[in-house]
Each structure stands twice: as structure tokens, then as C-alpha cells.
Amino acid sequence: MNESLFRRAELVLPGGVNSPVRAFKAVGGIPKFISHAEGCRLTDVDGVSYVDYVGSWGPMILGHNHRVIREAVELAAAKGLSYGAPCRAEVELAELMTSLVPGLEMLRMTSSGTEAVMSALRVARYVTGRCKLIKFEGCYHGHSDAMLVKAGSGALTLGTADSGGVPESAAALTLSANYNDLGSVEKLLDANRGEVAAVIVEPAAANMGVVAPAAGFLKGLRELCSIHGTLLIFDEVITGFRLSPGGAAEKYAVTPDLYAFGKIIGGGLPAGAFGASREIMSCVAPLGEVYQAGTLSGNPIAMAAGLAQLRYLAEHREVYGYIDAYAEKLARGLAEIFRGKAAVNRVGSLLTVFFTSRSVDSYSAAKASSAEDYAAFFHAMLDCGFYLPPSRFEAWFAGAAHGEFELSATLEAAQRFARSGALR
Ligand SMILES: Cc1ncc(COP(=O)(O)O)c(C=O)c1O
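Residues numbered from 1 in each chain as written. Predicted model: local features only at pLDDT ≥ 70, side-chain atom pairs only at ≥ 80, totals over all residues. Heavy atoms only, no water.

Teacher, can you tell me more about the overall build of the protein here?
When you go through the protein residue by residue, the secondary structure sums to 15 helices and 14 strands. Its C-alpha radius of gyration of 21 Å places the protein within 12% of the 22 Å reference for a compact globule of 424 residues. Expressed along its principal axes, the backbone C-alpha trace of the protein runs to roughly 60 × 55 × 45 Å. The contacts of the protein with a sequence gap of at least 6 include a subset with a gap of at least 24, amounting to 70%. When the accessible area of the protein is evaluated, it comes to approximately 17200 Å², of which 53% is carbon and sulfur surface. Between the averaged position of the 38 positive side-chain charges in the protein and that of its 42 negative side-chain charges there is a distance of 2 Å. (Helix = DSSP H or I, 4+ residues; strand = E, 2+ residues; numbered from the N terminus. Rg over C-alpha atoms; globule rule 2.2 N^0.38 Å. Contact = heavy atoms within 4.5 Å. Areas by Shrake-Rupley, 256 points an atom, 1.4 Å probe, with all protein chains shown as cover. Lys, Arg positive; Asp, Glu negative; His and termini not counted. Charge placed at Lys NZ, Arg CZ, Asp CG, Glu CD.)

What is the right way to read the domain arrangement of the protein from this model?
The figure often quoted for interface size is the accessible area lost as the parts come together. Split by domain assignment, the protein resolves into domain 1 (2-65 + 317-419) and domain 2 (67-315). Taking only C-alpha atoms into account, the centre of domain 1 sits 24 Å from that of domain 2. Every contact between the two is made by 37 residues of domain 1 and, on the other side, 37 residues of domain 2. Interface area, domain 1 with domain 2, both sides summed: about 3100 Å², of which 63% is carbon and sulfur. In terms of surface lost to domain 2, no three residues of domain 1 exceed R317, Y320 and Y363, which account for 24% of the buried area on that side. Linking domain 1 to domain 2 there are 0 salt bridges. Across the contact surface, domain 1 and domain 2 share 13 residue pairs in polar contact (both at pLDDT 80 or more). Among the secondary structure elements, those contributing two or more residues to the side of domain 1 that touches domain 2 are α12 (318-337), β11 (343-347), β12 (350-354) and α13 (363-367). Per element, the largest residue contribution to the side of domain 1 that touches domain 2 is 4 residues, and it comes from β12. Counted by class, the side of domain 1 that touches domain 2 contains 22 nonpolar, 8 polar and 7 charged residues. (Domains from an automatic or database assignment. Buried area = accessible area lost by both parts, 1.4 Å probe. Salt bridge = Lys/Arg side-chain N within 4 Å of Asp/Glu carboxyl O. Polar contact = N/O pair within 3.5 Å; in protein donor to acceptor, adjacent residues only side chain to side chain. Nonpolar A, V, L, I, M, F, W, Y, C, P; charged D, E, K, R; others polar.)

When you look at the sheet that holds strand β2 (residues 41-44) in this model, what are you seeing that I'm missing?
Within a sheet, each strand pairs with its neighbour through backbone hydrogen bonds, oriented either parallel or antiparallel. Taken in spatial order, the 4 strands line up as β1-β2-β3-β13 in an open sheet, and their pairing is mixed. Each of the sheet's edge strands pairs with one partner strand only, and the pair in question is β1 (34-38) and β13 (386-387). Pairing between β1 and β2: 4 bridges, direction antiparallel. Directly across from H36, in β2, lies its bridge partner T43. (Pairing = 2+ DSSP bridges.)

How do you make sense of the sheet that holds strand β5 (residues 132-136) when you look at a structure like this?
Ordered in space as β4-β10-β9-β8-β7-β5-β6, the 7 strands form an open sheet in which the pairing is mixed. Where the open sheet ends on each side, the last strands, each with one partner, are β4 (106-110) and β6 (174-177). Ignoring strand direction, the axes of neighbouring strands in this sheet form an average angle of 20°. Across 4 bridges, strand β9 (residues 258-261) lies against strand β10 (residues 272-276) in antiparallel orientation. Counterpart to A260 in the pairing with β10 is F274. Seen against the sheet, helix α8 (residues 217-228) touches β5, β7 (196-201) and β8 (231-235) and runs at an angle of roughly 145° to β8. (Axes fitted to C-alpha atoms, helices over the stretch in contact; angles between N-to-C directions.)

Would you explain the pairing of β8 in this entry?
As a general feature of sheets, a regular strand has side chains that alternate between the two faces. Of all 5 residues that make up β8, 5 are buried, and the element is covered over most of its length. Across the two faces of β8 the burial is the same, with L231, I233 and D235 and L232 and F234 all buried. Both β7 and β8 contribute to a ladder of 4 bridges, which runs parallel. Looking at β8, one finds that V199 is bridged to L232. The sheet contact formed by β8 and β9 spans 3 bridges and is parallel. (Buried < 20%, exposed > 50% of the residue type's maximum accessible area, 1.4 Å probe, protein only.)

Help me understand the nonpolar core, please; the structure alone is not making it clear to me.
Within soluble globular proteins, side chains that are nonpolar tend to cluster in buried spots. Within the largest apolar cluster, 66 residues are counted, with the highest numbers of intra-cluster contacts made by M97, F136, Y179, L221, F241, F261 and L310. In terms of residue count, the dominant contributor to this core is helix α11 (residues 300-315) (9 residues). Domain assignment of the residues forming this core places at least three in each of domain 1 (2-65 + 317-419) and domain 2 (67-315). Ignoring any residue separated from it by four or fewer positions in sequence, one finds L221 in contact with F136, L182, V185, V199, V201 and L232. Residues L42, A204, F338 and A409 belong to the second largest nonpolar core, which totals 49 residues. (Core = buried A, V, L, I, M, F, W, Y, C linked by side-chain atoms within 4.5 Å.)

Could you clarify how one ought to interpret helix α14 (residues 371-383) in this entry?
Side chains three or four residues apart in an α-helix point the same way, a direct result of the helix having 3.6 residues per turn. The terminal C-alpha atoms of α14, which comprises 13 residues, lie 18 Å apart, in line with the 18 Å expected from a rise of 1.5 Å per residue. Taken as a whole, α14 has its buried residues at D373, Y374, A375, F377, F378, M381 and L382. On its buried face, α14 is in contact with β3 (49-52), β12, β13, β14 (396-397) and α15 (404-419). Between the side-chain oxygen of the N-cap and the backbone nitrogen of E372 there are 3.3 Å, and the N-cap of α14 in question is S370. One or two residues past the end of α14 sits G385, with phi positive at roughly 95°. (Expected span 1.5 Å × (residues − 1).)

Here it is in C-alpha cells:
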């Protein structure tokens with residue numbers, strides 16, 4: 001059934017998918033069409049079940065179909081699906097988010113991380129009166145024109161880092177620096193003095209595979225931005241409410257000027273947000289002159305799901321220790337299995353296996369890892385019932401539903417692959 005569904009999908013959806021990285025292009029083969037998901041497991045339309053390390057690319061930190069979130073959604077759905085007018089849940093979610101995240105006083109909900117980033121950049125440009133932006137090669141910030149320059153994630157996987165259809169004039173305003181290389185940022189800021197509105201960064205990179213910020217990197221960015229009157233934007237679409245209750249800003253004790261969020265704040269439904277101090281956010285319409293809007297922004301069902309998930313996380317902070325420990329044991333086990341053949345990077349509950357004998361602390365090192373070895377690993381694991389990200393440039397997401405059984409089963413399957421001689 002899976003294959004016939006894919007053939008039908010190919011006729012009506014580009015590549016048979018609604019988001020490129022789902023297409024298995026980087027690893028070969030046909031994507032799995034999922035019929036249902038529960039806990040840490042996905043089941044495909046042929047009835048095959050997999051231990052899921054993708055977690056819908058981040059939102060499902062508590063596992064699939066979590067009772068608390070499902071009940072909140074059911075309760076909200078019984079009261080109508082969308083109002084196009086304010087509702088209580090969006091206020092409560094915003095209050096909870098501002099209570100958890102350092103320096104976040106006011107925010108605007110969106111329907112995706114892409115929109116959140118795009119709008120945060122608009123705010124930065126307005127507040128500074130400048131046009132240029134600095135991003136890091138291999139970081140992904142959604143698919144708005146300005147951010148499809150040297151982008152990571154699916155764009156990197158498909159080798160179309162500079163997307164077709166993006167006018168040169170839009171791309172020309174985006175300068176790209178090297179992640180973990182403060183000198184490259186300083187050079188750009190010096191050469192474009194008084195012109196750079198914002199430096200946007202994934203505080204822990206997760207779209208070139210997981211690459212941790214080097215010691216002092218984020219603090220250095222903070223200082224450089226302050227010196228140059230440039231706003232620092234943390235794209236916490238992945239890291240927000242995952243690396244700690246207050247995200248990467250809390251974990252690394254660096255407070256940016258602006259934030260973008262997504263994924264976890266929707267509990268599995270479409271939601272994003274951008275926010276900052278009250279002073280900065282006062283420029284957003286209808287308070288100020290920066291226009292930003294959305295028919296389904298703050299949708300009552302998405303807000304109910306996000307609120308239930310964030311409340312649960314805020315009240316069960318032991319989840320953070322649990323998922324980090326799970327990922328730590330998994331990463332340590334994988335590093336032992338692939339000693340000398342792979343670098344296993346981990347930040348909190350995020351990890352990536354790069355097939356390379358070198359350590360990976362930069363985008364260029366990530367790119368130098370073997371695509372063929374990763375594809376072989378991916379398929380061997382899939383055949384054994386483990387759903388890994390179908391690209392070496394994506395993170396594995398550990399969640400609260402993964403347990404000791406999954407941990408040892410994953411490591412045993414990886415061990416079998418390592419012994420099979422399939423690695424070059
Ligand atoms: C760091 C980061 N920013 C922004 C986005 C875009 O979010 P969305 O896919 O919800 O538009 C993503 C998506 O994966 C992301 O990882």
C-alpha cells in the first residue's frame with residue numbers, strides 16, 4: 001500500500017511530499033506513509049511499526065498522541081475550530097512563554113516557524129532602520145526569501161542552498177558567516193558598518209546536523225551585536241522549550257534581542273511565534289508600524305495543544321533531565337560502536353551521527369561527512385524498525401516516550417550494522 005500511495009502522491013504533490021526532507025532523496029528509497037503514531041512509535045500504512053527518532057521534527061517532545069495534549073485538543077475542538085478573533089488560550093500560552101524565556105516580554109503567534117523568522121527579521125529591520133542581515137552557512141531558518149541563502153536542512157540536503165525563485169536583490173542583503181567562527185562575523189560587521197540589522201543564529205545548530213556552539217561563541221555574538229547596534233536573533237524553533245524550559249537562551253545564559261519559536265509551542269499543531277522586549281514588540285501592528293498578520297494565527301486548537309504541552313513541561317521539569325540522559329546514553333553507545341568511523345554530536349536531547357573520522361564543530365566538517373555511509377546506516381536501521389532522519393544534516397530527537405527498551409534495541413541494531421561491514 002505504501003508504494004501505491006507514493007505513486008499516487010507523486011502525481012499530485014511535487015516529489016510526492018509536502019516538505020522536501022520527507023522525500024528520502026538524500027538516502028534513496030520511498031518515504032513511509034504513516035497511518036498512526038503513539039508514544040515513541042510510528043506505524044506505516046502497511047502496518048510496520050518503527051521507533052521514531054524524528055518526532056515530527058521536534059514538536060513531539062512528550063511522544064505521539066500524549067493523553068494530556070489529545071484531551072486538550074478534543075476539549076478545544078468541541079468549542080469550535082477557528083474564530084478569527086482572540087481567545088483565552090493564546091493569552092495563557094503567551095503568558096507562560098514569557099514567564100519561561102529570558103527577556104521575552106511580548107510576542108505574536110504565527111502558524112509556522114518560517115513566518116516567525118520572517119516577521120522577526122522585519123521587526124529588526126524596522127527597529128534598526130537597516131537592511132542587511134547576517135546568517136550562518138548551514139543554519140536553516142525556514143523558507144522565506146532572505147533566509148534561503150546558504151541554508152541548512154532540506155535545502156542543504158537537496159543541494160539547492162540558494163533556492164530558485166529568490167531574486168538576487170533579496171539574497172544580496174543576506175550575508176553569510178561561518179558557525180562557531182566569531183572572526184567571520186566581526187569581519188562582516190566591520191565591512192558593513194551601520195548597515196546590518198540583525199545576526200540570526202540557531203543557538204545550537206541542528207540543521208547541518210547537530211553542532212554545539214563553541215565555548216564563548218554565543219556570548220561573543222551578543223557582544224559584537226551590542227557594539228554594532230545590530231539585533232541578535234535566536235531562532236529557537238528547534239531549541240525553544242527543548243534544551244531547557246527557557247530554551248537555549250537559558251541553557252547558555254545569553255539573552256538575544258529577538259526570538260523565533262515554533263514546533264514545541266504547537267504541541268504537534270501548526271504554531272510559531274516571534275517575540276522580544278515590550279519596547280521592541282511595540283512596533284508590531286496594530287500597536288506600531290510593522291505589519292504582520294495571519295488568518296489562523298493563535299488558532300484555538302493549536303493554542304490549546306501548545307498550552308497543554310508547555311504546561312506539562314513546566315510542571316514536569318524532570319522531563320528535561322530524562323530526555324537529555326536518554327540522548328546522552330544513546331550518543332555514548334553510538335560513539336563506542338562507531339569509534340574511529342563516526343562523530344556523534346549531542347546537545348541536550350538532540351543528536352547526529354556524522355560518518356567521518358574527524359570531529360564536527362563546523363558546517364564544513366559536517367559537509368565532509370559521508371552521505372553514502374549515512375544512507376546505508378539509515379536503511380539498515382529502517383529495515384530493523386528504527387525511523388531516523390532521512391538526511392545526515394538533520395537532528396535525531398529524543399523524547400519522553402523513549403525508554404530503556406528502545407535504547408538498547410537501537411544500540412543493538414546499530415551494532416549489527418557496524419559489524420555487517422557495510423561501512424566503508
Ligand atoms: C531552526 C528552524 N527555524 C525555522 C524553521 C521553520 O519552521 P517551519 O517549518 O515551522 O516553517 C525550522 C524548521 O525546521 C527550523 O528548524
